[in-house]
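Single-letter residue listing:
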Amino acid sequence: MDTAEIGLIRSLFTTVTASPDHRDRFARTFYTQFFGRLPQCRSLFPAGMDAQRAKLVSAVEFIVRGLDDTDRLLPFLAQLGRDHRKYGVEREHYAAAGNALLDAVRDVDSDEPWSPASDAAWRELIALITTTMSDAADADDFPALWGATVVSHERVLRDLAIIRLECDSPIPYAAGQYVSVQIPQRPQMWRYLSPAIPTNPFGQIEFHVRRVSGGWVSPAMVNETAVGDRWQLSSPLGGLRVDLQSDKDVLMIAGGTGLAPLRAQVMDMAHRGINPRVHLFVGGAYPCDLYDIETLWHLSLSNPWLTVVPVTEEDENPWWHPYPSPEPPAGLHQRLRGPMGAVVSRFGSWADRQVQICGSPSMVKTTAYALQRAGTPVEAISYDPLR
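Residues numbered from 1 in each chain as written. Predicted model: local features only at pLDDT ≥ 70, side-chain atom pairs only at ≥ 80, totals over all residues. Heavy atoms only, no water.

Right, let's get into the side chain of Asp83. With respect to the helices, strands and loops of the structure, Asp83 is situated in helix H4 (residues 70-83). A polar atom in the side chain of Asp83 sits 2.9 Å from the side chain of Ser234. Sequence-distant contacts of Asp83, defined by excluding residues within four places in its chain, comprise Ser180, Tyr192, Ser234, Ser235 and Leu237. (Helix = DSSP H or I, 4+ residues; strand = E, 2+ residues; numbered from the N terminus. Polar contact = N/O pair within 3.5 Å; in protein donor to acceptor, adjacent residues only side chain to side chain. Contact = heavy atoms within 4.5 Å.)

Structural data, given as structure tokens:
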């Protein structure tokens, strides 16, 4: 696509992302049109579509933002195509989805009139999306789904659990990726989770799950999951990775359970003899949110290239947490206090680093902005748009 076409697409989509109401209208129009064309596909999705609509807008937003970086965009679309196999999506469904997306774009209440040039640009983009996704799905030799059995459920905080499973066969994910997960308590409600350990030949996998207030799936994972439960997992997604061929060191920034994909990468790197230096800032609102600090400390003891910096916004735990505030183990960097973005940017621009951020959407956004204000190039910052 040329610069003019990309400009037309981005200009219109800016209206979609201007407010929550616009985002919701866009997503609702898409699914109304899609299910109107293929009513039989409604049963492939959950009754409550709020999370699904949010994912749709986030995915299209990432695509539009990355139109001039096809080296990142095309693998993302291919991953989406492989992931959609879990819904039972077939090649002929993509035509209906493409037309529904065009209808949703046309429905945008934009100051700029819909023109033949806009129509041509969006049709070209939609063709790229649907063709890349369907081709990748057709070419995938791996199963659409993996079965896994819960073998351990450890409640480490009132609202956080570490869940370990054994898959029927190993899932070929790379450290830093995430997978779609469906649990028996919430059928057809898929959620993205990042494995906290590297893949292994025994099919073992570990997830760190925080209960989201008002959520459908995470409370069931934390409160109701039992040993022996059967989960379903789908194809790996995401592009967080350390470029070991680069001469740049690494900055990793984790908020809460966003630690999981960064932890998996550090564990994977620990099997290598030579690694770039890694500064890992791990944080949360309270000291108790540093739930895995002991593991990170032990990793740093045996891997001198790893520096772990704990960060919290508060000095003390909340009243409902029954334990005293833990201090970092001797030898670990002293705990710093403040919002993650403000704390990390105090140390300079980090312009010479590979940067990964993982946490809540608001934490990722504010931290990325703080780093950019401090001088970190935007192209050096990586995060996953859907996790």
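Mapped onto the present numbering, the UniProt feature "domain: FAD-binding FR-type" (unreviewed entry) falls at residues 143-243. The span residues 143-243 is 6% helical and 40% strand by assignment, and the distance between its end C-alpha atoms comes to 28 Å. (UniProt positions renumbered as here; feature names shortened; annotations may be inferred.)

Right, let's get into the UniProt feature "domain: Globin" (unreviewed entry) in the chain. Here, the residues flagged by UniProt with the feature "domain: Globin" (unreviewed entry) are residues 1-138. In residues 1-138, the share of helix is 72% and the share of strand is 0%. The end C-alpha atoms are 25 Å apart.

Before going further, it helps to examine the sheet that holds strand S12 (residues 381-382). Pairing within the open sheet is parallel, and its six strands lie in the order S10-S9-S8-S7-S11-S12. Each having just a single partner strand, strand S10 (336-337) and S12 make up the two edges of the open sheet. Relative to S12, strand S11 (residues 353-358) is paired through two bridges, and the arrangement is parallel. Within S12, the residue paired with Gln356 across the bridge is Ser382. Contacts from helix H8 (residues 259-269) reach strand S7 (249-255), strand S8 (278-284), strand S9 (306-312) and S11 within the one sheet, and its direction differs from that of S7 by about 145 degrees. Here helix H9 (residues 293-302) sits on the sheet in contact with S8 and S9, set at roughly 155 degrees to S9. (Pairing = 2+ DSSP bridges. Axes fitted to C-alpha atoms, helices over the stretch in contact; angles between N-to-C directions.)

Relative orientation of the contacting elements helix H2 (residues 20-37) and helix H5 (residues 93-106) amounts to 140 degrees, with a least axis distance of 8 Å. Of the possible angle classes, the one that applies to H2 and H5 is oblique. Here H2 runs over H5; the crossing is right-handed. Mapping the contact onto sequence places Phe26, Thr29, Phe30, Gln33, Phe34 and Arg37 in H2 and His93, Ala96, Ala97, Asn99, Ala100, Leu101, Asp103, Ala104 and Val105 in H5. Among the residues making up the contact of H2 with H5, the classes are represented as nine nonpolar, four polar and two charged. (Parallel < 35°, antiparallel > 145°, perpendicular 65-115°, else oblique. Left-handed = near helix turned anticlockwise from the far one by under 90°. Nonpolar A, V, L, I, M, F, W, Y, C, P; charged D, E, K, R; others polar.)

A word on the packing of aromatic side chains. Across all of its chains, the model carries 16 aromatic pairs by this definition. Between Tyr31 and Phe45 the ring centres are 5.9 Å apart and the planes differ by 65 degrees, which places this aromatic pair in the edge-to-face class. Here Tyr31 is found in helix H2, whereas its partner Phe45 is found in the loop between H2 and helix H3 (50-65), with 14 residues between them in sequence. Of the two residues examined, Tyr31 and Phe45, each falls in the buried class. A connected cluster of aromatic rings, assembled from ring pairs, spans Phe30, Tyr31, Phe34, Phe35, Phe45 and Tyr87. (Phe/Tyr/Trp six-rings, centres within 6.5 Å; stacked < 30°, edge-to-face > 60°. Buried < 20%, exposed > 50% of the residue type's maximum accessible area, 1.4 Å probe, protein only.)

What follows covers the pairing of strand S3 (residues 179-182). Burial along S3 is two-sided: Val179 and Val181 and Ser180 and Gln182, pointing in opposite directions, are all buried. Sheet topology places S3 next to strand S4 (residues 191-193); three bridges connect them, and they run antiparallel. Looking across to S4, one finds that Val179 is bridged to Leu193. By the bridge criterion, two bridges tie S3 to strand S6 (residues 230-234) in an arrangement that is antiparallel. What sits directly across from Gln182, in S6, is Gln232.

Within a regular beta strand, the side chains point alternately toward one face of the sheet and then the other, so they alternate between its two faces. Here strand S1 (residues 145-157) runs beside S6; their pairing, made up of five bridges, is antiparallel. Within S6, the position partnered with Gly147 by the bridge is Gln232.

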